[in-house]
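The lines below spell out each chain.
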Amino acid sequence: MTNVKPGSSADGLVLIGERPPLGQYLAEAWHRMRFAFTLASYRLIGGLLPNRLGVLWIVLKPLCLAIMYGTIFHFVISGSARPADFVQFVLVGVFVFEFFTGCFGAGSKAVTGNAKLVQSLGFPRILLPISVVAEQAMRMVPVVLLLAALLIVFGEPLSWSWFLVIPILLVMAVFNLGVALVVARLSVHARDVQQVIPIINRVLFYVSGIFFSIDGALAGHPALLAVAHLVPTYEFISLARDVLLNSYVAAPLIWIFAPAWAIVMIVFGTIFFWQAEAKYGLSD
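Everything numeric here is computed off the predicted structure, so don't read it as measured data. (Residues numbered from 1 in each chain as written. Predicted model: local features only at pLDDT ≥ 70, side-chain atom pairs only at ≥ 80, totals over all residues. Heavy atoms only, no water.)

A. Up close: the overall build of the protein chain. Counting its regular elements, the protein chain contains twelve helices and zero strands. Written out in order from the N terminus, the α and β elements of the protein chain read α-α-α-α-α-α-α-α-α-α-α-α. Here the protein chain holds 284 residues, and the buried ones make up 48% of them. Long-range pairs, those at least 24 residues apart, make up 79% of the contacts in the protein chain between residues at least 6 apart in sequence. (Helix = DSSP H or I, 4+ residues; strand = E, 2+ residues; numbered from the N terminus. Buried < 20%, exposed > 50% of the residue type's maximum accessible area, 1.4 Å probe, protein only. Contact = heavy atoms within 4.5 Å.)

Right under this line is the structure:
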């Protein structure tokens with residue numbers, strides 16, 4: 001009797017909607033990675049072309065946010081909660097946090113926003129969240145260049161340590177992809193997730209210490225301070241500040257915790273997303 005592989009028949013026909021083994025699934029996704037990056041670049045260009053200022057909006061949005069929040073909280077934050085080199089502190093915080101919010105928000109729509117593509121073509125759906133993170137990473141290139149220029153303008157001395165922001169953002173991209181995978185699947189089953197994400201982003205904005213010193217503000221609350229140090233967005237922002245700002249030193253353990261968060265999220269997110277692979281397109 002001839003052995004027949006699961007998901008196939010004796011005459012070579014393959015069942016539609018069958019979830020492949022994880023290893024095979026990831027291998028196929030790797031071979032089609034060019035599709036994800038092509039989709040990301042087309043979506044980036046297509047989203048910017050209708051605007052008069054085009055690509056300038058990539059840097060104008062975080063810059064406007066930094067100016068707005070910096071101006072407001074310049075008069076609000078005082079004492080130990082006010083960081084040294086306030087302007088540079090806020091710039092790094094806002095610019096890096098925008099990388100997370102872009103992946104988080106767009107990641108939730110990675111599958112639901114491409115319903116016709118999902119229903120029409122057969123490909124590993126994990127490529128859709130990957131394309132989202134790839135697009136946001138492309139957006140970060142001019143943002144990082146602008147950030148470097150602004151830091152120089154505000155008196156931050158050039159340093160070789162600035163190049164370390166590249167691997168930091170790459171590790172953050174891995175973490176962001178894990179998060180995007182989770183919310184992409186959740187949104188397929190409950191679109192309400194997309195309504196909750198702006199609220200979560202707002203909470204993370206404040207607990208990540210974008211415009212105030214977490215250590216100074218929570219100095220009298222060691223338990224809360226310990227919890228705040230475990231917030232992933234705070235950790236990645238702290239690492240970026242550590243290598244970019246002369247006046248800032250991140251806690252040593254953050255150099256361990258941040259990559260650990262990235263590993264945990266990408267492993268969990270990949271498995272969580274893959275488990276529902278056969279259902280994508282059926283629920284849209």
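B. Seen up close, a nonpolar patch on the surface. Taken together, Val196, Ile199, Ile200, Val203, Tyr206 and Val207 make up a surface patch of nonpolar side chains, about 490 Å² in accessible area. Assignment of secondary structure puts valine 203 in helix H8 (residues 193-207). Take valine 203: its relative accessible area is 48%, and that puts it in the partly exposed class. (Patch = residues over 30% accessible without salt bridge, like charges linked within 9 Å, V, L, I, M, F, W, Y side chains within 5 Å. Areas by Shrake-Rupley, 256 points an atom, 1.4 Å probe, with all protein chains shown as cover. Salt bridge = Lys/Arg side-chain N within 4 Å of Asp/Glu carboxyl O.)

C. Representation of the nonpolar core. The biggest cluster of nonpolar side chains holds 88 residues, and the ones touching the most others in it are Val92, Phe95, Phe100, Val111, Phe211, Leu244 and Phe273. Among all residues touching phenylalanine 273, those that are not within four sequence positions of it are Tyr25, Val111, Arg125, Ile126, Pro129, Leu181, Ala184, Arg185 and Tyr280. (Core = buried A, V, L, I, M, F, W, Y, C linked by side-chain atoms within 4.5 Å.)

D. Spotlight on the side chain of glutamate 135. You can see glutamate 135 is positioned in helix H6 (residues 127-153). Residue classification places glutamate 135 among the buried residues on the basis of a relative accessible area of 7%. Side-chain polar atoms of glutamate 135 contact the side chain of arginine 43, separated by 2.8 Å. (Polar contact = N/O pair within 3.5 Å; in protein donor to acceptor, adjacent residues only side chain to side chain.)

E. Highlighting the packing of aromatic side chains. Applying the stated criterion across every chain yields a total of 15 aromatic pairs. Arranged with centres 5.2 Å apart and planes meeting at 55 degrees, the rings of phenylalanine 35 and phenylalanine 123 form a pair that is tilted. Taken together, the residues span a long stretch of sequence, with phenylalanine 35 in helix H2 (residues 33-48) and phenylalanine 123 in the loop between helix H5 (115-120) and H6 at a distance of 88 residues. Judged by centre distance (6.2 Å) and plane angle (25 degrees), the ring pair of phenylalanine 100 and phenylalanine 175 falls under stacked. You can see phenylalanine 100 sitting in helix H4 (residues 86-107) and its partner phenylalanine 175 sitting in helix H7 (residues 165-189), a full 75 residues away along the chain. (Phe/Tyr/Trp six-rings, centres within 6.5 Å; stacked < 30°, edge-to-face > 60°.)

F. Fine view of helix H11 (residues 232-244). Under the 1.5 Å per step criterion, the end-to-end length of H11 is 19 Å for 13 residues, consistent within 8% with the ideal 18 Å. In terms of burial, H11 is largely enclosed, as 13 of its 13 residues are buried. (Expected span 1.5 Å × (residues − 1).)

G. Structural context of H4. Taking 1.5 Å as the rise per residue, H4 with 22 residues should run 32 Å; its terminal C-alpha atoms sit 31 Å apart, in good agreement. Counted residue by residue, H4 has 20 buried out of 22 residues, so it is predominantly covered.

H. Expanded view of the packing of H4 against H11. Where H4 meets H11, the axes come as close as 9 Å, and the angle between the chain directions of the two elements is 135 degrees. As judged from the angle between their axes, H4 and H11 are oblique. Note that H4 runs across H11; the crossing there is right-handed. Mapping the contact onto sequence places Phe89, Val92, Gly93, Val96, Phe97 and Phe100 in H4 and Thr233, Ile237, Ala240, Arg241 and Leu244 in H11. (Axes fitted to C-alpha atoms, helices over the stretch in contact; angles between N-to-C directions. Parallel < 35°, antiparallel > 145°, perpendicular 65-115°, else oblique. Left-handed = near helix turned anticlockwise from the far one by under 90°.)

I. Spotlight on the pattern of salt bridges. Inspection of the entire model under this criterion finds three salt bridges. A salt bridge links glutamate 135 to arginine 43; the shortest N-O distance between them is 2.8 Å. Highlighted residues: glutamate 135 in helix H6 and arginine 43 in helix H2, separated in sequence by 92 residues. For arginine 139, the salt bridge is made with glutamate 135, and the minimal N-O distance between the two is 3.5 Å. You can see arginine 139 and its partner glutamate 135 sitting in helix H6, four residues apart, about one turn around the helix. For arginine 139, a relative accessible area of 22% translates into the label partly exposed.

Shape is all these values report; function is a separate question.
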